[in-house]
Every structure is written in C-alpha cells, then in structure tokens.
Amino acid sequence: MTTVAGDPVARIAAWTRRWSAILPLLAAELIVWLGFGALLPVMPLYFTANGVDLATLGVVVAAWPAARLVGEPVFGWLADRVPRVPLMIAGNVLAGIFLFLPLVFVGAVPFIVLRALAGLATALYDPAARGYITDATPADRRGEAFGLYGAAQMGGLLLGPAIGGLGSAFFGGVGFIFVFGAISSFVAAAAIALRVRETPRPEVVPGPRQRHAAMDLTEFPHEPGHLVSRASPRADEAGTGSDDRAETGRFGPIPRSLANRLLVAAILFTIGGNFAAGTYEVIWSLYLSGLGAGLDLIGLTFAMFGLPVLVLSPAFGRRSDSGGVAIYLVAGTVLPVVAALIYTVIQDPLLAVPLILVEATGFAMFNPVLFSIVAAGSPAGRSSTAQGVFGAAGTLGFVVASLLAGVLADIDIRLPFYVFAAVMTVFTVAAFAVGGRWLVSRPLIETEARAA
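The notes below deal with the structure included here. Being a predicted model, the structure only gives us computed values, none of them experimental.

In total, this model carries eight salt bridges according to the counting rule given. D80 is paired through a salt bridge with R84; the nearest N and O atoms lie 3.0 Å apart. Where E144 meets R141, a salt bridge forms, and the shortest distance between an N and an O atom there is 2.9 Å. We classify R141 as partly exposed; its relative accessible area is 26%. Via salt bridges that share partners, R68, E72, D126 and R130 belong to a single interconnected network.

Spelled out as structure tokens, the structure:
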C-alpha cells in the first residue's frame, strides 16, 4: 500500500516516528495527571472539612513544594549520574502511596507530613523526566517537545476532574479520588518500567575540542556509556568544521556553568509563574465556593484550564523553535495577570470559566518556551541538574505563595489575586533584564544558516 503526502495515516506514522523516544514518557505523564487532576479540586475542601483552618491550609499546601524545593536540585544532580528510568519508577510508586494515605491518617500534622513526602517523591521523578526529554530531543524541537509534555499533563487535568466526579458519585464519597490518584501513579510507574528506555544522546562530532565533552564527569573516570553520552555535546550542537564551532550550539556557545543568563532568566520567570500555582491551589476552590459554586463547577474550572494548554502548547512550542520568544513570554505574563485582577470583581462563578480559558492560553504560550530556555541554558551532561535547579526555583515561588495566600485570604479572599499579579509582573521584568538581547532580539534556537 502506498501513501501520498497528504495521507493522514502517513502523517500520523511520521509524527509517531519523530517522537518515538519520548512518547512512552508522555503517556505516563498523562496517566499521572489524571490522578492529580481528580485530586486538585478536592484536596483543599477535604483538608478544611477535616479540621484544617484557612491559615494552616496554606502550610499544608506549601509542604508539597517545600519538599520539592529541597529535593529537586539533589535528585536532578543524581539523575545526571545514574540511570533515570529507576528514579522515575520509584518516584511514581512513592507518590502513589503518599497520595492515598491522607484517607488513613487524618489531621493537620499528618496532612503536612504526607504532602511533604509526596513532594519528595515527585521531586525524584520530575527532573529525571524533564532531563530525559531534553537529551532525547533535537535542539530545534525542544520547544515543541515540551509543548507536548505540557499537553500530556493538561490532558490529565482536563479528564481527571470528570473521572473523579463520576467516581465519587458512583462510590459515594471522595475516598474514590484518593484511591484513583494512587492507582494512576502506580500505572504510570508500570508504563515507564515497560516502555521507557535510557536513550543516549546522538554521537559526538569528532574534533580537537572533544576533550571538553566529559569535563563535568572528571570525578568519574570510568563512567558507563549512557552517562558519557549524556555529557557529550550533541552532533547538531557541536557543529562541524572549525575548531571554535565545536563548542557552539545552534543557540550560541553551550554553557559550561549553571550560572548563565538563560538559566537565571528562566528561574526568575518560573518563580513568578509558580506564584500563581501556589496561590490558586490554596484559595481557588474556596473562592468559588464563596461565590456559590458547587464541586461540579469547581472541577469544570480545573478542566477548562487544561483545555487551551492541551490544544495550544505544542503549536506555541513549535513556533518558539523557529522564531523569537519575547512575544510568548510577554503574553504569557499579561494574560494570567489580567485574568487574576478580573477574578476579584466577578459575582457569578460561571464567569470564571471564560476567564480561565484566557489565563490558560497565556500559560500555553509561557511554559513550553520556558522549558526551551532551560534546555538551552543547560551545560552538557547536566540537563537534569539544570531542570532540578529550575524546578526548585519554581517551587520556591509556590511555597511563598501558598504561605501568603492562606494568611492574606483570612484578611480578604481577593488579596492573594492582587499579590500574585504584582509578583508575576515584577519577576517577568527582572527576567527580561537578565536575559537581555537573548530573549528579545533572537530566535531561541537559531537556524543553521545563522549558526553558520
């Protein structure tokens, strides 16, 4: 059977071949987020129904990112030095256990401890997963790859609340949601164990500068092959021909240190963006409940947040691979900030649905570009370490926002929205100041013609 260029079967086959290295991990990410999506609308209501006051709720929510703040740099460093697949499996198995246990151990202290342990488990998984995607993806496809990664997560967020709502109704309680969250993590661990394989980076280009390839592994003179290949510049990053191009990627010089403008700018962006996540996880369900929304509408708002990210993230990521990124970073800040300010004046909770679509469209632009900036700012052989540092910075924003949100909401439920809008704006301006011309005047991944 022959196919023509416009044959959808041929296009699907080509797309599958292109992303074959990361498709199993994307599927696992979707499964994990089905469980997270089911749990997110319910957890604040469950915690407060079991004796947690509003101020303490901020501490309970902050325990998860606080643990990630400590764990992600450590586990990211580890993931660059040992096989990543076992780390991803262990992280999901442990997360499933700790997501289930709040049904068994009830109260503010057990909730804080279990949330912290769940945060450590996800910190074991996430830098390894993002580092795997970075190393398994060509440099000029990373924006699209992380767009697909975000789409997989939001697919779970879109479907998870519906599954949780139907399951709770059928089984007569929210206990189903915690069980479902645990099972989804176990299934994701099984999918990774069965289908994800350590993928070495492409062969290095021979050249006089190749001696720099293993500079991050000098303490380990007998590294196994899968680690040496991670530490070597990719063939498409190393360039060909002249001696000085051997250390130049398509974006420019490959960073030799984590202290570079791209990574620092990405850290500032993610602190501002994660301030939103920390704020909303504490107050969103309670805010809508105060406007008269039921659990069905609250779940719908979480699903609607996932829809634009699911549909648009791969496209925005693909565009950022071939064009400038400043517009996506600016729009990715402006849309969530404007939505946050409008949330404070609505009276009908149904109006939150269209506003969420606007806000989520901003994050659909923002996140894949941000992961691409991190990948471009990762020194050779340290992609998981860079992802761990980046993730820890984001969780720092999440922690501070979670702690502030509970306290501010005790004064006025609208105050956390104002603070988030101000913080994200300030950190975006600071990130552009640090990133400078690299973010404003150039494509993130330069074309071969310009690199030559």
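Next up on the list: the layout of surface pockets. Considered as a void within the structure, the second largest pocket measures approximately 170 Å³ in volume. Along the wall of the second largest pocket there are 15 residues; nearest its centre are P161, G164, G165, L295 and G299. Among the secondary structure elements, those contributing two or more residues to the lining of the second largest pocket are α7 (142–171) and α12 (295–322). Per-element accounting of the lining of the second largest pocket gives the leading share, six residues, to α7.

This part takes up the nonpolar core. Nonpolar side chains in soluble globular proteins generally cluster together in the buried interior. Residues L25, M88, W284, L329, Y343 and L439 are the most contacted members of the largest nonpolar core, which totals 116 residues. Tallying contributions element by element places helix α11 (residues 261–290) first for this core, with 16 residues. For M88, the contacting residues outside a window of four places in its chain are L25, Y125, A128, A129, Y132, I192 and V196.

Topologically, A409 is positioned in helix α15 (residues 383–411). On the accessibility criterion, A409 (9% relative accessible area) is buried. Considering only alpha carbons, one finds A409 and V282, 127 residues apart in sequence, at a separation of 9.2 Å. Residues contacting A409, with those up to four places away along its chain left out, are L54, I283 and P416.

A word on helix α5 (residues 84–100). At 3.6 residues per turn, the α-helix brings residues three or four places apart onto the same side. Taking 1.5 Å as the rise per residue, α5 with 17 residues should run 24 Å; its terminal C-alpha atoms sit 25 Å apart, in good agreement. Of all the positions in α5, only R84, V85, L87, M88, G91, N92, A95, G96, F98 and L99 are classed as buried.

For the pair helix α14 (residues 352–376) and α15, the least separation of the axes is 9 Å and the interaxial angle reads 135 degrees. As the angle between them shows, α14 and α15 are arranged oblique. Crossing handedness for the pair α14 and α15: right-handed. Across the interface between the two elements, L370, F371 and V374 of α14 pack against A386, Q387 and F390 of α15. Across the contact of α14 with α15, the residue classes tally to five nonpolar, one polar and no charged.

Moving on, we get to the environment of P416. One can find P416 in helix α16 (residues 415–435). Linking P416 and A401, residues 15 residues apart in sequence, is a C-alpha distance of 8.2 Å. Sequence-distant contacts of P416, that is, excluding residues within four places in its chain, are made with T279, I283, A405, L408 and A409.

Criteria and thresholds
- Residues numbered from 1 in each chain as written.
- Predicted model: local features only at pLDDT ≥ 70, side-chain atom pairs only at ≥ 80, totals over all residues.
- Heavy atoms only, no water.
- Salt bridge = Lys/Arg side-chain N within 4 Å of Asp/Glu carboxyl O.
- Buried < 20%, exposed > 50% of the residue type's maximum accessible area, 1.4 Å probe, protein only.
- 1 Å grid on protein atoms, 1.4 Å probe; cavity = no way out; pocket = protein on both sides within 12 Å on 5 of 7 lines; lining within 4 Å.
- Points joined across faces, edges and corners; volume = space filled by probe spheres on them.
- Helix = DSSP H or I, 4+ residues; strand = E, 2+ residues; numbered from the N terminus.
- Core = buried A, V, L, I, M, F, W, Y, C linked by side-chain atoms within 4.5 Å.
- Contact = heavy atoms within 4.5 Å.
- Expected span 1.5 Å × (residues − 1).
- Axes fitted to C-alpha atoms, helices over the stretch in contact; angles between N-to-C directions.
- Parallel < 35°, antiparallel > 145°, perpendicular 65-115°, else oblique.
- Left-handed = near helix turned anticlockwise from the far one by under 90°.
- Nonpolar A, V, L, I, M, F, W, Y, C, P; charged D, E, K, R; others polar.

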